[in-house]
Every structure is written in structure tokens, then in C-alpha cells.
Amino acid sequence: MNESSDSQEPLYQQVKRDLVAAISRGEYVQDEPFISQREVCERFGVSTTTAVRALNELVTEGYLVRRRGRGTFVADRPVPAESARERSIAYIMHGHGPHNSDVIDGIESVCAELGYRMFLSNTKGSPAAQEKALRQALDTQASGVALYSVDAHHDSPALAELRRRRVPLVMVDRYHPESPTDAVLFDNFAIGYRLTEYLVGQGHRRITALWDATDCTSVQERLTGHVQSLREHGLPVSPELTALKTYLRLPEDRRREMLAGLLDRREPPTVLLCANGFVLAHAASDLTAMGVEVPGQVELAGMDDAGPFDLLPLTVAAARLPSREMGERAMRLLAERIDHPETASEVEHVVLPIEIRTRESAAAYLRVVSAQTA
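Since the structure is predicted, the reported quantities are computational estimates derived from the model, not experimental observations.

Undergrad: Sorry, what's going on with the nonpolar core here?
TA: In a soluble, globular protein the nonpolar side chains are often hidden away together inside. Core analysis: the largest hydrophobic core is formed by 73 residues, its most contacted members being I89, Y91, L210, L300 and M331. Dropping the residues within four chain positions of it, L300 is found in contact with V271, L272, C274, L280, A283, A284, L287, V294, L314, T315, V316 and A317. In terms of nonpolar packing, the next biggest core, distinct from the first, is built from 20 residues, A22, F34, V40 and L64 among them.

Undergrad: Is there a simple way to think about the sheet that holds strand β9 (residues 271-274) in this case?
TA: Paired through their backbone hydrogen bonds, the strands of a sheet run either parallel or antiparallel. Across the sheet, five strands lie side by side as β8-β9-β10-β11-β13; this open sheet has mixed pairing. Single-partner strands in this sheet number two, and they are β8 (207-210) and β13 (355-358). Mean inter-strand twist for the sheet, computed between neighbouring axes without regard to direction, equals 25 degrees.

Undergrad: How should I be thinking about empty space enclosed by the protein in this particular structure?
TA: A water-sized probe, rolled over the atoms, reveals where empty space remains. Tallied over the full model, the rule gives one cavity of 30 Å³ or more. Secondary-structure elements contributing two or more residues to the lining of the largest cavity are β8, α10 (239-242) and α11 (252-263). In terms of residue class, the lining of the largest cavity is built from five nonpolar, one polar and two charged.

Undergrad: Where do I start with the pattern of salt bridges in this structure?
TA: Opposite charge on two side chains lets them pair, provided their charged atoms get close. On inspection of all chains with the given rule, the structure shows 14 salt bridges. Of the charged contacts in the structure, one is a salt bridge between R332 and E113, with a shortest N-O distance of 2.7 Å. Placement of the pair is R332 in helix α13 (residues 323-339) and E113 in helix α5 (residues 98-114), with a sequence separation of 219 residues. A salt bridge links D173 to R174, with the shortest nitrogen-to-oxygen separation between them at 3.4 Å. R174 sits in the buried class, given a relative accessible area of 8%. Ionic contacts of the salt-bridge type, sharing partners, join the residues E252, R255, R256 and D286 into one network.

Undergrad: Can you walk me through the packing of aromatic side chains in this structure?
TA: The geometry of an aromatic ring pair is captured by two quantities: the separation of the ring centres and the angle between the planes. Tallied over the full model, the rule gives two aromatic pairs. Ring geometry for Y28 against F34: centres 4.5 Å apart, planes inclined by 55 degrees, an arrangement best described as tilted. Side by side, Y28 and F34 carry an identical accessibility label, which is buried. With centroids separated by 5.9 Å and ring planes inclined at 15 degrees, the aromatic side chains of F189 and Y193 adopt a geometry described as stacked. Taken as a pair, F189 and Y193 lie in helix α8 (residues 188-201) at a separation of four residues, close to a single helical turn. With a relative accessible area of 36%, F189 lands in the partly exposed category.

Undergrad: Would you explain helix α2 (residues 37-44) in this entry?
TA: Owing to its 3.6 residues per turn, the α-helix brings residues three or four apart onto one side. Taken as a whole, α2 has its buried residues at V40, C41 and F44. Taken end-on, α2 shows its buried residues confined to a sector of 100 degrees, consistent with a single buried face. Those residues of α2 that are exposed and angled more than 90 degrees off the buried face are R38 and E42. Buried residues belonging to α2 abut α1 (11-24) and α3 (48-60).

Undergrad: Would you mind showing me how to read the packing of α2 against α3 here?
TA: Each pair of packed helices gets described by two things: the angle between the helix axes and the distance between those axes. One way to put it is that α2 packs onto α3 with a least axis distance of 9 Å and a crossing angle of 115 degrees. Seen along the crossing, α2 lies across α3 with a hand that is right-handed. Between α2 and α3, the contacting residues are Q37, V40 and C41 on the first element and T48, A51, V52 and L55 on the second. Residue composition of the contact of α2 with α3, grouped by class: five nonpolar, two polar and no charged.

Undergrad: I would appreciate a short explanation of the pairing of strand β1 (residues 64-67) in the present structure.
TA: For a regular strand, the rule is simple: side chains alternate between the two faces of the sheet. With four bridges connecting them, β1 and strand β2 (residues 71-74) associate as antiparallel partners. For V65, the partnering residue across the bridge sits in β2 and is F73. Here β1 folds back onto β2, and the loop between the two strands holds three residues, one of which, G69, carries a positive phi near 80 degrees.

Undergrad: It is not clear to me how the pairing of strand β11 (residues 317-320) should be interpreted in this structure. Could you clarify?
TA: Here strand β10 (residues 299-302) pairs with β11 via two bridges, running parallel. Looking across to β11, one finds that A301 is bridged to A317. For β11 and β13, the ladder comprises four bridges, and the chain directions are antiparallel. Within β13, the position partnered with R320 by the bridge is E355.

Undergrad: What am I meant to see in the side chain of T181 here?
TA: Its location among the elements puts T181 in the loop between β6 (169-172) and β7 (182-186). At a separation of 2.9 Å, a polar atom in the side chain of T181 contacts the main-chain carbonyl oxygen of S179. In this view, T181 contacts L169, M171, V347, E348 and H349; residues no more than four positions away in its chain are not counted.

Undergrad: Even after reading the chapter, I still don't get the side chain of R174, so can you show me in this structure?
TA: Mapped onto the fold, R174 is located in the loop between β6 and β7. One polar contact links the side chain of R174 to the main-chain carbonyl oxygen of S149, over a distance of 3.2 Å. At a separation of 3.4 Å, a polar atom in the side chain of R174 contacts the side chain of D173.

Undergrad: Could you clarify how one ought to interpret the packing of α1 against α3 in this entry?
TA: Two elements in contact, α1 and α3, have axes separated by 9 Å at closest approach and are oriented at 50 degrees. The pairing of α1 with α3 is recorded here as oblique in orientation. Between α1 and α3 lies a crossing whose hand is right-handed. Along the contact surface, α1 presents L11, Y12, Q13, V15, K16, L19 and V20, while α3 presents T50, R53, A54, L55, E57 and L58. Looking at the contact of α1 with α3, its residues break down into eight nonpolar, two polar and three charged.

Cut-off values and rules
- Residues numbered from 1 in each chain as written.
- Predicted model: local features only at pLDDT ≥ 70, side-chain atom pairs only at ≥ 80, totals over all residues.
- Heavy atoms only, no water.
- Core = buried A, V, L, I, M, F, W, Y, C linked by side-chain atoms within 4.5 Å.
- Buried < 20%, exposed > 50% of the residue type's maximum accessible area, 1.4 Å probe, protein only.
- Contact = heavy atoms within 4.5 Å.
- Pairing = 2+ DSSP bridges.
- Helix = DSSP H or I, 4+ residues; strand = E, 2+ residues; numbered from the N terminus.
- Axes fitted to C-alpha atoms, helices over the stretch in contact; angles between N-to-C directions.
- 1 Å grid on protein atoms, 1.4 Å probe; cavity = no way out; pocket = protein on both sides within 12 Å on 5 of 7 lines; lining within 4 Å.
- Points joined across faces, edges and corners; volume = space filled by probe spheres on them.
- Nonpolar A, V, L, I, M, F, W, Y, C, P; charged D, E, K, R; others polar.
- Salt bridge = Lys/Arg side-chain N within 4 Å of Asp/Glu carboxyl O.
- Phe/Tyr/Trp six-rings, centres within 6.5 Å; stacked < 30°, edge-to-face > 60°.
- Arc of directions from axis to C-beta.
- Left-handed = near helix turned anticlockwise from the far one by under 90°.
- Polar contact = N/O pair within 3.5 Å; in protein donor to acceptor, adjacent residues only side chain to side chain.
- Parallel < 35°, antiparallel > 145°, perpendicular 65-115°, else oblique.

Structure (C-alpha cells):
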């Protein structure tokens, strides 16, 4: 073994595996010091960094114990490698807010029930950070991964390596169409369809959709439901109103320029259908700065409540997502795949029903007005 090894497995993992096997064979006993860092380097032909990481992780996983002033020894009851590996999962997500917190709560509750440890990584929407988190899950030998992916299915060597090693993977909220993978999803088609149906029933004929991410299955399915409802009601599908282009990710001046252009049309939209709570919060702020009254000059509606606050007081209608249930179902599906790997080829998509809440069900609603008109 050396630092230029061709194996796909990280060197420190190879060192760990060989040392665990030596412990199992009785080559090291509890009352004698364990192999030193320098001896690891010499025996396996690896760097100091590799040796230190291998030894540190063996301590963390319970194979070794450090005694102050005496050195490192084999633990009294070493934990079998497979047992340690099977008790941890990685949840890799992005973003923040109540929706994400509820998903985490759902995963954590099932982990506690089933005896798993959860390692959480927030990629904050960065493909590079997601790749790093996936690689860390591989390096720590997580038994399974739950992934709330960034927008697009970018080229990911780490995901390919997960599949090669047959590490169970459950997607959360969205999936990669080109890669058959277990997933727990909301009924996103119903979100777009039912909200549009309600808005049309309230007399709205000109509905503009405002988006955040555009290159993910959840958004594309919401757009499909929205367009289907428009067509069933005989309303035109206008590229200016229904185009799948981002609003939230534009600079502030570009966002307001976009809204001004919509509201200055000869027949302006009467409602803005916002992709999520963060889009809605920014739209409300931008409209306020522009001196536009909500409701009054235009209404707001929300496709989900993944935002910084409860949407309903600001909206004519909003979809409510069973976020905690999503986390619970994702973890149970992941545990099932870990316990029964023979079922891995039977890809399952769990689709959770959503609820549409309307202004009539709220105890009160808010008006958004600019300081000049207040």
C-alpha cells in the first residue's frame, strides 16, 4: 500500500480496514500500546496525515482508546466494523427556513427511533459543496444518504461512486430523471394545478408565475400543473406570464424592473403565483418599495410554505407542505434499503399529498402598503 494506490477507496480507509482486521485476529492486545503513528506510516507506506486520520477515526468509532500519559490501546469491547457503519446516515440538504427544519426534525425522529446517527451537511445551493458532502459520506462509510439536491443534476463523480458501492440513496423533494433513485416528493403537479384552479375560480384570468430555481423536477412539475389548469379553463398560456425563468436570483433592481414591466402591461396580472415563501417575501418587499398595494393592485399566492414566515396572512391562497412527514418517510425508506439491500432495484417514489389553504381559512390577513401611502 502506498500514497499512489490505484484503489478507489481512500488510503486511510484501507489502513483502517487492515488495522481492524489485525485487532480481530488478536494481533494487538488491550494491555500493550497500539501501533504508533510513525509505525503506521512505515508499515503501510502512507503519509503522516493519512496515519493520523486512520488512528483518530478508530478512536472515534470505539476500536481504540487513548489514555493520558500512556498512549493508545485497543478498547475493551471493540465495535464490529459493520455495526458502526450501519448506525449512521448522512443528510445533505441546502437552504434554510421552517420547511428545511421540519424535514430535519422528521429524519431525526426516525433516526432516534431506529438507533441511527445523522450527520447533517448544508450545501447552501453549491454543487461543489454538495460534491464535497457526498464524498465525506463515502469517506466515513455512511450506510445511507438522504439528499435534498441542488437545482440541476450536474456531473457528480461522488454520486456515481455511491451507486458503484451500492450505498442506498433517497432523494428528498426532487429527483434526477436520468438516474433511477428512490425519492420522497410532494405532489408538485397538484400544487400548480389546484392553486391555479382556485385562483381562476376567484376570478383571476391573468396569473404570473414567479420562480426561484428553474432546473429541478419539483418546479417543472408545478409549471406543468399550472399550464394544464390554464388550458382546461380556456385561458391562454402566455410566454410572458408563464415562462420558466428565475425572479428570486436576480439583483434587486432587475427584480423590480421585471415586476414593473408586468404591472405596466395593458392587461397586467391580477395575481403573482410565487414558487415558494422566499420568492413571495421578496415580491412583497419589492412591491412595497415600488408603492404597489397588496392586495388591491395585485394579489399574492404561494406554491409552498418553504419560506421565512407563514404565508397565508399575505396571500389569497397557499399550498401547505407536509415537511416533517417528508423527513420521516425518507428516513424510513432509507432504513428499509439499508436493512434489505436486495430490494434496491425496485425504485420507489413516495408522493405526499398537499393541502391548499385559502384566505377564508385564516384568522386575519395582512395588507402590504408603501410608507408613502400608509
